[in-house]
Structure formats: structure tokens, C-alpha cells
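# Analysis of the macromolecular model
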Amino acid sequence: MKIYQTLLFVLTLLLSVLLLGCEKPNLLLANEHHQLTQAALIDGDLSNDGQYSVILDIKNNLSLWQNSSYTLIKQWPSSLFPQQQYYVVLSNNQQWLAVAGKHSVTLLSVNSKHKPLTWEVNGFDRDAEISQILINSIGNKVIIGLTEGSVVVVDITNGLRSQFALHDGPVNHLIFSDNEQKLVSASLDGQAIKWDLASGKVIWSNEQPFRITSLAFDDLSQRLFVSDALNNQTFFSLNKGQEISSLSYFERNRYFREAIFISGAKKLLSSSSKYQISLWDVMSGNEISQGEIKAYNFGSTVLDFAVNEQNGVITLSSDAVLELWPAPLFK
């Protein structure tokens, strides 16, 4: 009996210490939100400065918005696309956007000086489908990830097409690096790879035990965040070629979807598969703050993050909701 009481006392003491040592994360609250359209979104993309949104809804309508005034700049009707589109991305100069279905990509000019350019995309495998797209800053180079694991690089100005076999599963993340001369890609095969865009030469790689669900890269600091589908969420320093830290939390199998480095890559803002967002300290891996986006549906989730000129964060959700999270939340 005494042994049982002693063990119970020790366990209670340990639990108390753990609870006291776990500070509850601060609360993240947006100070502004607006729903661009009531139609649910298939995909959406924010410009890097957070000034514009391009959204693709479930009815196959494509539209470009000015975020500060919630103004519709231009809309492309569903009749323009003979097939269902699944991916959309906006160039940094806000003059071009690319949209893709399973087997084709269309390049569109915002100012209408150029006619839409559409082309079929084929992989090494005849059954390969498009699984992700990316467009460069000036809109003349389109990067296309495929379900077979290859990546296609289309140089529109020079009429060149290159294709590189890099992964063993669908490519689900594409991020530019080194002034758009390099690329970081990730796949459901668990691999994250940094490689040369011209030659396809692999510069750095890492393999996680499970499929990668979230990837973020800060080009200036060369810091990379990689999260797989189970419980591996790791920060890497690519210029040093080493691991920095891993996220620390008590929940099991926490799922990460979108992520972005902020505050000079000292912090990371991540989203869950639904409506939760979290702020993390990169060096320690500790969670600093938590919040929830404005959700109109049970499956609402963040489609993209962007940092504005005031160092606040803008989120775009699958409910077509834009939210502004002020800079003081991230200091």
C-alpha cells in the first residue's frame, strides 16, 4: 500500500511539474477579415507582398483581387477552360498568372495585351498528371510538378522545355531559391530537394519517413522547414547543411499544411489541415501563439500566407476569406 501511495505521489508530482513548465501559447487574433466570394475555392495564391489574391473557385471561375480595397481587378470565366482547373499561381510582377488542370497549363496576361497560351503537359509516364505549378517573377518561365515525380521547366521566351526526374512520388511543393536560379521541391515520397533549375543537378536533399505535407523556405537566410504527415517537423540551414531544430509540442500526429517564415526567419507561422494557425520559434522549436482563421465550413483551411509592407501577415482561406494579422502579434 505504501509503495502504491509513493508511486502515486511521484507521478502526481511529475505531472504537476510538466504542467507548470508548459506555458499556454498566446492567442493570435486577426483585426480584419473579408470574404471575396461565397463560392468555395479549389486553389488560391497571394502575391509575395500580400497586395493581390488570385482565386480559383469550384465553378472553375478564375479572378484577381486587390486585397486592401477588396476590389475585383479581372475575372476569367469558366468557359475559357475546357477542363476542370486545380492549380493557380500569380507572378511577382502581378502581370501574369498560370492555371493548370490535370494535363494542361494556361498562361494568362492580366492586362490582356496577350492572348491566353495553353499547352499540354506530358510526363515520362503516359499516365502522369500535373500535381503543382509555379511561375517566375516576370511570368516567362513556368515550373510544373507531376504525379510521377518529375518536374518540367518551360522557358516561354526562348521556347525551351526541360524535364528532370527528381522524385518517386507526386510533387506537391515548388519554391524558388537563389534569385530563381535554383528550386526547392518536395513530394509525397518524403523527399525535399534543392536543385539547379538549368541542369537539374541536386544540391541538397533530405528524406522524411512519411509524405511531406508542408514546406517553407526563406531565401535570404537559407532556412528550410519540412513537415511530413506524421510527427517530423524540422528546420534546416541549407547554407550550413545542418539541422537547426524540430518543433516541440504535446499533441500526437499534428498535421501541418501551409507555412511561412517571418521576423527575419526567426519565427514560423504554420496552418493545420483545418482552421488553426500557430506561431513557432525557429531556434527552440517551441510554440509561441495559436489562433483560428474565420471559418464558414468545417473543412476551412489556409491556402496561402503573405507578409505585407507593415510586416503583418495576410491569410487566404478555402472559404475565400482574407484576414489581416497585425505585425505586433509576431514580435
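Residues numbered from 1 in each chain as written. Predicted model: local features only at pLDDT ≥ 70, side-chain atom pairs only at ≥ 80, totals over all residues. Heavy atoms only, no water.

### Considering the packing of aromatic side chains
Heads up, the condition is: Pairs were defined over the aromatic rings of Phe, Tyr and Trp, the Trp ring being its six-membered one, requiring ring centres within 6.5 Å. Orientation was assigned from the angle between planes: stacked under 30 degrees, edge-to-face over 60, tilted for the rest. The helix and strand labels rest on DSSP assignments: H or I over at least four residues marks a helix, E over at least two residues marks a strand, and numbering proceeds from the N terminus. In our convention, an over-ring charge means Lys NZ or Arg CZ found within 6 Å of a ring centre and within 35 degrees of that ring's normal.
Taken as a whole, this structure holds eight aromatic pairs when the rule is applied. A centroid spacing of 5.2 Å and a plane angle of 40° characterise the contact between Phe 225 and Phe 235, whose relative ring orientation is tilted. Of the two residues, Phe 225 sits in strand E20 (residues 223–228) while Phe 235 sits in strand E21 (residues 233–237), which places them ten residues apart along the sequence. Three or more aromatic residues link up through ring pairs in this structure, and these residues are Phe 225, Phe 235, Tyr 249, Phe 256, Phe 261 and Trp 280. Sitting over the face of the ring of Tyr 249, Arg 254 holds its NZ or CZ atom 5.4 Å from the ring centroid. Taking the ring centre of Tyr 296 as reference, the NZ or CZ of Lys 294 above it sits at 5.8 Å.

### Quick word on the pattern of salt bridges
Convention followed: Should a side-chain nitrogen of Lys or Arg be within 4 Å of a carboxyl oxygen of Asp or Glu, the pair is scored as a salt bridge. Relative accessibility under 20% of the residue-type maximum defines a buried residue, over 50% an exposed one, and the middle range a partly exposed one, all with a 1.4 Å probe and only protein chains included.
Going through the model one piece at a time under the given rule, you end up with three salt bridges. Put simply, Asp 178 and Lys 194 hold a salt bridge, and the shortest N to O gap is 2.9 Å. Here Asp 178 is found in the loop between strand E15 (171–177) and strand E16 (182–187), whereas its partner Lys 194 is found in strand E17 (residues 191–196), with 16 residues between them in sequence. Among the residues examined, Asp 178 registers a relative accessible area of 29% and is labelled partly exposed. We note a salt bridge from Glu 287 to Arg 254, for which the minimum N-O separation is 2.8 Å. Taken together, the residues Glu 287 in strand E26 (residues 287–292) and Arg 254 in the loop between strand E22 (242–246) and strand E23 (259–262) connect sequence positions 33 residues apart. Across this residue pair, the class does not change: Glu 287 and Arg 254 are buried.

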